[in-house]
Amino acid sequence: MAGWFARAVARLEARFPRLERVLGPWHRHRWLRWLTGSGVALAALAFVAFNWLWFSVELPDEPPHPQAALILSADGQELAAVAPEGLRFEIELDDVAPIAVQAVLAAEDRRFYEHGGLDPIGVGRAIWKNLRGGRQGGSTITQQLVKVDYLSRERSLWRKTREAILAVKLERSADKDEILERYLNTVYFGRNAYGIEAAARAYFGTSAAKLTLEQAALLAGLIRSPEGADPAESPEVAEQRRELVLRALVREGAIDDSEAETASAAPIETVPEERGEIDASAAPHFVDFVRAQTLDAVGEELAQSAGLRVFTTIDLAAQQAAEFAVAEVLDGQTPQAALVALDLDGAIRAYVGGRDHDALKVDLVRGGAGGGGGRQPGSTFKPFVLAAALERDMTLGQRFAGPPHLELVVEGKPWSVDNYGNEAFGTLDLVAATAHSVNTVFAQLVQRVGPQAVVDAAHAFGITADLAPNPSIGLGAAEVSPLQLARAYATLANDGNAVEPYAIDRIENSDGDVIWRPDLTPPTRAVPEAIARGVTHALRQVIADGTATRADIGRPAAGKTGTTQDNVDAWFAGYVPGFTAVVWLGNPEGSIPIAEASGRPITGGGLPAQIWQQFMSQALANREPADFPPPPPELLEAPPAPTLTIEPADAGPGDTITVKGTGYDACQAAWYVQLDGTDVASPPETGSTSSERQATLQVPAAPAAGDDAEPPAPVALKVVAYCDDGTGAKPVAEAMSAAPPTTTTSSTTSSSTTTTTEPEETTTTTEPRRTTTTTTTEPEETTTTTRRPKD
């Protein structure tokens, strides 16, 4: 080719003689001729190669960029972003603060709107600065976008050539604003943030539209080397980069010297660095819960890359109130805590899964890392026992003895029960027994209704755990999660209608279209209205004058305390009409007693009730108070007194009499009748819960009289019924034959009378004067011990 070039020059010289004088030196120096020819040849080859590349290298379609999913509160406030492949949000150029756009242009490509994709002036400036010992890139914004979107990161002449060609082609196929918008949504700023919107969130907890001058200058300075200039790692480098961008803005006329000085003097303040898959600042345990549900609802690929907007049920004001209440009440205390609140339809409004999400790797609201298991609920299970009793025609006015200790036999097995602190309560009705959480009274209820009835009631209310029908189930020996317990108490808050707790209201795609909603079951009748209102009536007294006076919020409310044996778990579950909250305190590691900083044991009526009170006072501040509907009047009445009759009514000495009575369903431990003043008594009837009882007695014959003796005067027979409800045998009713004393009440027949004897609170056991009718039940050797709640 060099020879061809020489011949071409010779022909030109022949045609233009003056040219020979100009090219004389070129003819005299062979090396000059060779150099010139080679240069021309290379230029020709470059021209051919460029044209071949121009037509052979196609501009690819814009690649898709995975966008982070946003988890939002019920009113659209951001809770967290889920970004397994980096935090990225697509926004329009108009949604970026103008000063941020100017800062990026000043730092990366000040002639962006003047060049066609390649900037020879910028390249020359970069070369000159690099030769002088500085560092300056020569790539335009368009070239940087091409490198990120279309090319690999290899360093080679071939990649650089393709980059240049694609940059020019991109400039010819898209306008400048479109290219700049794509660049601002793509460029990496460090902290796992891609694009200026993600960077604004990652560094300053704000949006790109709200960036200030000093913030914009800092972000623009990060582009060249984001990891090396992170303010958290290298604050001095970050400050130097910011200063360089501010000077560039002054040179471009975007700001004046005074603005630059003010921004330069401002301290660099960034939010704590988050490099995990989930960036959550509020309700982190709830965010974990929602993320798992989102993956199940729409699939992993869509959930992690399509820029979804997950609208949850959380009320951010209620959530903040819950977190504040836990922190405020437990300031200086060591136990872990959980709190969950449900609205009328089951929407989760507040969710505290523990104190310190990063350190605590389990979600205590759901009972564990995977939502299984839970803790013993203690006396918060007693409402289910009460409901089971009311469904079996008992009333809240029914009275029971509340001794400090009780030995019972339930389904043939012995069961030992103690009151908290071994306190004695005398005889009290079910409302008072609920208010003061009397274990020995509720043990008697479990004995009467049976453990399976308690299990059935708990399941009807909404407890989903697998519950074993053991006697201790009624005192909270099974394990449930706070979320399950909240669901059950929400049934009471909703007047007996059960709801399903839910955390996600809807999921939208990046265009705002709803792509998923939960399949919610409408509230359904789970508990008879009268039963729910009766239980609520009793639970209101717990706050009014029972074990949870610290939970008083100045409006109608109901609830129940719970404290397990050795103060391992402490609960308070409470509600107002349509809104429920449950608080748990304890140690996730196991059965470790919990105590206040002063050393006093923590009970459900202490710190848990205080947390509930503080939370509910704030969460309900904007809701009008409402009262609960009252229970039916008959549910509050005391049951009829036991009755007793004698047949035949005119029986006398030597006769056989039949004694019948009703109202003895509580006499499960034993029931018998005795002829007053004698040793004659019926064998004890044990293990029965029947209301109607019957026994036969043989009246002793009259003593023989002499021939001249007057026959004995007729004597009225008096029969006394004894009932043992587990607290000892007590006389509860009596009947007289013939002419009864005037102090007795009329019997149910015309010839016999019944007198009811109410047991005093300091009960003494009356035993029949006989030696053959008393039986005892020995405990089995295989008795198992269960951890009993103390409250």
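All of the points below concern the structure found in this document. (Residues numbered from 1 in each chain as written. Predicted model: local features only at pLDDT ≥ 70, side-chain atom pairs only at ≥ 80, totals over all residues. Heavy atoms only, no water.)

In space, the 3 strands of this open sheet follow the order β21-β22-β24, with antiparallel pairing throughout. Each edge of the open sheet carries a strand with a single partner, namely β21 (643-647) and β24 (693-698). Going from strand to strand, the sheet's axes swing by 20° on average, the running direction of each strand aside. The sheet contact formed by strand β22 (residues 656-662) and β24 spans 6 bridges and is antiparallel. Bridge pairing in β24 links K660 to Q694. (Pairing = 2+ DSSP bridges. Helix = DSSP H or I, 4+ residues; strand = E, 2+ residues; numbered from the N terminus. Axes fitted to C-alpha atoms, helices over the stretch in contact; angles between N-to-C directions.)

Turning to the packing of aromatic side chains, a few remarks are in order. All told, the structure shown has 14 aromatic pairs when counted by the stated rule. Each ring, one from F384 and one from Y489, has its centre 6.4 Å from the other, and the planes form 70°; the classification is edge-to-face. A residue pair is termed long-range when its members are at least 10 positions apart, and F384 in helix α17 (residues 382-391) and Y489 in helix α21 (residues 482-493) qualify at 105 residues. Y489 shares its class with F384; the two are buried. (Phe/Tyr/Trp six-rings, centres within 6.5 Å; stacked < 30°, edge-to-face > 60°. Buried < 20%, exposed > 50% of the residue type's maximum accessible area, 1.4 Å probe, protein only.)

Time to look at the environment of D665. One can find D665 in the loop between β22 and β23 (670-675). Exposure remark for D665: the relative accessible area of 23% places this residue in the partly exposed category. D665 sits 25 residues away from S690 along the chain, and the two C-alpha atoms are 4.8 Å apart. Ignoring anything within four residues of it in the chain, the contact list for D665 reads Q398, R448, S688, T689, S690 and S691. (Contact = heavy atoms within 4.5 Å.)

Attention shifts here to the side chain of Q319. Within the secondary structure, Q319 is located in helix α16 (residues 316-329). Classification of Q319 as buried rests on a relative accessible area of 0%. Look past the residues within four positions of Q319 in its chain and what remains in contact with it is A283, I314, R349, A350, Y351 and V352.

Two elements in contact, helix α5 (residues 98-108) and helix α9 (residues 176-184), have axes separated by 12 Å at closest approach and are oriented at 90°. Looking at the two axes, α5 sits roughly perpendicular to α9. Contacts between α5 and α9 pair V101, V104, L105 and E108 from the former with L180, Y183 and L184 from the latter. Along the lines of polarity and charge, the residues of the contact of α5 with α9 split into 6 nonpolar, no polar and 1 charged. (Parallel < 35°, antiparallel > 145°, perpendicular 65-115°, else oblique. Nonpolar A, V, L, I, M, F, W, Y, C, P; charged D, E, K, R; others polar.)

Spatially, 3 strands are ordered β3-β5-β4 in an open sheet, and the strand pairing comes out mixed. One side of each edge strand has no neighbouring strand; the edge strands of this open sheet are β3 (87-88) and β4 (188-190). Taken together, the 2 bridges between β4 and strand β5 (residues 193-194) define a ladder with antiparallel strand orientation. Bridging from a neighbouring strand, G190 pairs with A193 of β5.

Another aspect to go through is the pattern of salt bridges. Tallied over the entire structure, the rule returns 24 salt bridges. Its salt-bridge partner being E108, residue R224 comes within 3.0 Å of it at the nearest N-O pair. Taken together, the residues R224 in the loop between α11 (213-222) and α12 (235-251) and E108 in helix α5 connect sequence positions 116 residues apart. One salt bridge connects D725 with K730, and the closest N-O pair in it is separated by 3.5 Å. As far as the burial class goes, D725 and K730 line up, both buried. The network of salt bridges with common partners includes D495, R525, E529 and R533. (Salt bridge = Lys/Arg side-chain N within 4 Å of Asp/Glu carboxyl O.)

This part is about unusual backbone geometry. Here the amide bond leading from E647 into P648 is cis, since omega sits at -5°, within 30 degrees of zero. Counting through the fold element by element, P648 comes out in the loop between β21 and β22. Positioned with a positive phi, S437 is a non-glycine residue whose angle comes to about 55°. Residue position: S437 is located in the loop between α18 (430-435) and α19 (439-449). With a relative accessible area of 4%, S437 lands in the buried category. Positive phi, close to 55°, is recorded for N567, a residue that is not glycine. Looking at where N567 falls in the secondary structure, it is placed in the loop between β18 (558-563) and β19 (569-576).

A few words now on helix α23 (residues 607-619). The end-to-end C-alpha separation of α23 is 18 Å, in line with the 18 Å expected for 13 residues at 1.5 Å each. Contacts from the buried residues of α23 go to α16, β8 (336-342), β9 (348-352), α22 (529-545), β19 and β20 (579-586). (Expected span 1.5 Å × (residues − 1).)

Further remarks concern the state of the cysteines. Within this structure, the stated rule accounts for 1 disulfide. Disulfide pairing is shown between C667 and C723; the S-S distance is 2.0 Å. What sets the handedness of the C667 and C723 disulfide is the S-S torsion sign, and at about -115° it is left-handed. Here the residue C667 occupies a position in the loop between β22 and β23, and C723 occupies one in strand β25 (residues 718-724), the gap between them amounting to 56 residues. (Disulfide = S-S within 2.5 Å.)

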